[in-house]
Protein chains: 2
Amino acid sequence: MSLDRMIEKIVALQNPTVAGLDPKLDYIPQYLREEAYARHGRTLEGAAAAILAYNKALIDALCGIVPAVKPQAAYYEMYGWQGVRTLYETIRYAQEKGMYVILDGKRNDIGATMESYAAAWLGLTPVEDSLEKPFGADCLTVNGYLGSDGINPLLKVCGEQDKAMFVLVKTSNPSSGELQDQKLESGETVYRAMGAFCEKWGGELPGKYGYSGVGAVVGATYPSQLGELRAAKPSTFFLVPGYGAQGGGAKDVAPGFDKNGLGAIVNASRSILCAWKKTNAAPEDFAKAAAAEAVRMRDDIMGEVGEIRLPQ
Amino acid sequence: MSLDRMIEKIVALQNPTVAGLDPKLDYIPQYLREEAYARHGRTLEGAAAAILAYNKALIDALCGIVPAVKPQAAYYEMYGWQGVRTLYETIRYAQEKGMYVILDGKRNDIGATMESYAAAWLGLTPVEDSLEKPFGADCLTVNGYLGSDGINPLLKVCGEQDKAMFVLVKTSNPSSGELQDQKLESGETVYRAMGAFCEKWGGELPGKYGYSGVGAVVGATYPSQLGELRAAKPSTFFLVPGYGAQGGGAKDVAPGFDKNGLGAIVNASRSILCAWKKTNAAPEDFAKAAAAEAVRMRDDIMGEVGEIRLPQ
């Protein structure tokens, strides 16, 4: 019901990072694509098969180094239902390899519809007397613009199934301020108001290490907001995008961590997925290059964080 | 690139409503479910097959009455990738029958990720030299919390592919006010600020009937906000949920329309999908009962709207 399972994996691997699995087709070595096309044609089906092969090799290479993966739903939906099937198979494979899976879907709706999203991504769906698992991720990113009606159904499923969520608070993009930085009458900004909602919602999902099951997405590209939110929201764990390709570095993410080295998990996608291209590695070594970049990123961030300890 | 195609269908059928295709399994007559289970088992596959048969019969019955359908992604995702395949087939079937398809996915992200959502739901995805159509809906609902970085990629695809979007502004749920009604320093509420963004973004997608390709979701449960936004945002078309099951009536949606009877399309889901249960119709007559309820809803709302005309 909290992020405890993720926290334990972070501590075990001494690595507060997550690998974003955002597999654009041109990140995948040509030989792997051609193998898939030979079986399925140059179709959505073929693309989806290539992505699955690529993801599995990456998961094999990363599972001993990185505690979690974060597949981004959009990169699978763009290959149709065939891509969504690859997403399902990716989630399952990563969990088999012991990884924590954060589905980055930024889902949002209300009432019965949000219950359906919760069942889809984290829970179970009844088909007559049988309970089926549609996708079964460990954690879902959500957008809180609709208020509690959009979060309560997910809180319920997280409580029952030992799952968790991250709510968008301060995103990493340049235009995030258009709405999120606007000041409310109270003097708070919109993103601070959203951060306060997270603390409140998280009260329903307490964790044994001080962090609830309702985390917040806070971009590495806004280090001062990250530090301010860390101090103000002691029970809210942060998912921090924007490291690497988007410009954030280890010093930028450091304010997200607490004195135990907990409190944040930093995402990188492109820099890991495309490491083989950037280092001019042989295409066959794409997974090895991804692992090397994951180690570099871990060491870079751990240089700021020091040791990660469970609180006494 | 605008909502012109939808507007023309509304005028042709003299019906400013959209049928929400939110097919929960227990809305579907048992005989239809059993037929699907006999072929596919009591599995996600069987549930997805039952939903497809149900949707096709509803579309057959509604396509001469209602200009548009709005499938809600959550109700398909909850049946796994098999459900998402049914969503794909539902979109295609509705379009074959001449209906305009609004995919209610409330998607949101930034940059390349939002480009992927745009390709997934409205556009085309390149697979090497070939361009594939993943889902091909006509219109997508989106959440604007991330600002322009989340909308611009979709504006581009809408412009190229003659598609459109609806942005969440003031949602129909009781807790929508938690964030949306908060006042900004400027004196505006958050939802009014979002409405102003819609007018600005819509400038990129002008339509020949005065409405742009960037509409706004504004709930029927807040009629005074609907009227206030109608007056303030003359080029923003409204998608209005909350009629029927959520408590809004014809008088509540009336403020959303302009003097030509345009400017709003009103959604109902449960009241149409479950009409056969509410009227105690024979299960075999479920589609006929849905059509009768769609006619009742049309007449109810047209009683307030009068004739719908294209502006001179």
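Going by the structure above, here's the rest.
The rules behind the values
Residues numbered from 1 in each chain as written. Chains lettered and ligands numbered in written order. Predicted model: local features only at pLDDT ≥ 70, side-chain atom pairs only at ≥ 80, totals over all residues. Axes fitted to C-alpha atoms, helices over the stretch in contact; angles between N-to-C directions. Helix = DSSP H or I, 4+ residues; strand = E, 2+ residues; numbered from the N terminus. Parallel < 35°, antiparallel > 145°, perpendicular 65-115°, else oblique. Left-handed = near helix turned anticlockwise from the far one by under 90°. Contact = placed C-beta atoms within 7 Å. Least-squares fit on C-alpha atoms with pLDDT ≥ 70 in both. Pairing = 2+ DSSP bridges. Nonpolar A, V, L, I, M, F, W, Y, C, P; charged D, E, K, R; others polar. Buried ≥ 20, exposed ≤ 12 C-beta atoms within 10 Å, placed from the backbone.

Draft legend 1. Region of interest: the packing of helix α3 (residues 44–62) of chain A against helix α5 (residues 80–96) of chain A. Residues and elements named next belong to chain A. Two elements in contact, α3 and α5, have axes separated by 8 Å at closest approach and are oriented at 15°. On the basis of the axis angle, α3 is roughly parallel to α5. Between α3 and α5 lies a crossing of right-handed hand. Contact residues: L44, E45, A48, I51, L52, N55, K56 and I59 in α3; G80, Q82, G83, R85, T86, E89, T90, Y93 and A94 in α5.

Draft legend 2. Local environment of the relation of the copies chain B and chain A. Aligned on chain A, chain B shows an RMSD of 0.0 Å; the corresponding rotation is 180° and the shift along the axis is 0.0 Å. In symmetry terms, the pair is related by a two-fold rotation axis. If distances are taken from each C-alpha of chain B to the rotation axis, the shortest is found for L184 of chain B, at 2.0 Å. Comparing interface residues between copies, 98% of those in chain B also lie at the interface in chain A; the contact surface is shared.

Draft legend 3. The arrangement of the sheet that holds strand β1 (residues 17–21) of chain B in detail. Residues and elements named next belong to chain B. A barrel is described by the order of its strands in space; here eight strands give the closed sequence β1-β2-β3-β6-β7-β8-β9-β10, paired in parallel fashion. With direction set aside, neighbouring strand axes in the sheet form an average angle of 30°. As defined by bridge partners, strand β6 (residues 139–142) adjoins strand β7 (residues 164–170) across four bridges and the pair is classed as parallel. Opposite T141, over in β7, you have F166 as the bridge partner. Here helix α9 (residues 190–202) sits on the sheet in contact with β7 and β8 (214–218), set at roughly 160° to β7.

Draft legend 4. Here's a closer look at the interface of chain B and chain A. Taken together, the contact pairs 56 residues of chain B with 55 residues of chain A. Among the elements that make up the side of chain B that touches chain A, the one with the highest residue count is helix α6 (residues 111–121) of chain B (six residues). Its residues assigned to classes, the side of chain B that touches chain A comprises 26 nonpolar, 18 polar and 12 charged.

Draft legend 5. Looking closely at unusual backbone geometry. All names here are of chain A. Positive phi values are uncommon outside glycine, yet Q14 reaches one of about 45°. Secondary-structure assignment places Q14 in the loop between α1 (4–13) and β1 (17–21). With 15 C-beta atoms counted inside 10 Å, the residue Q14 sits in the partly exposed group.

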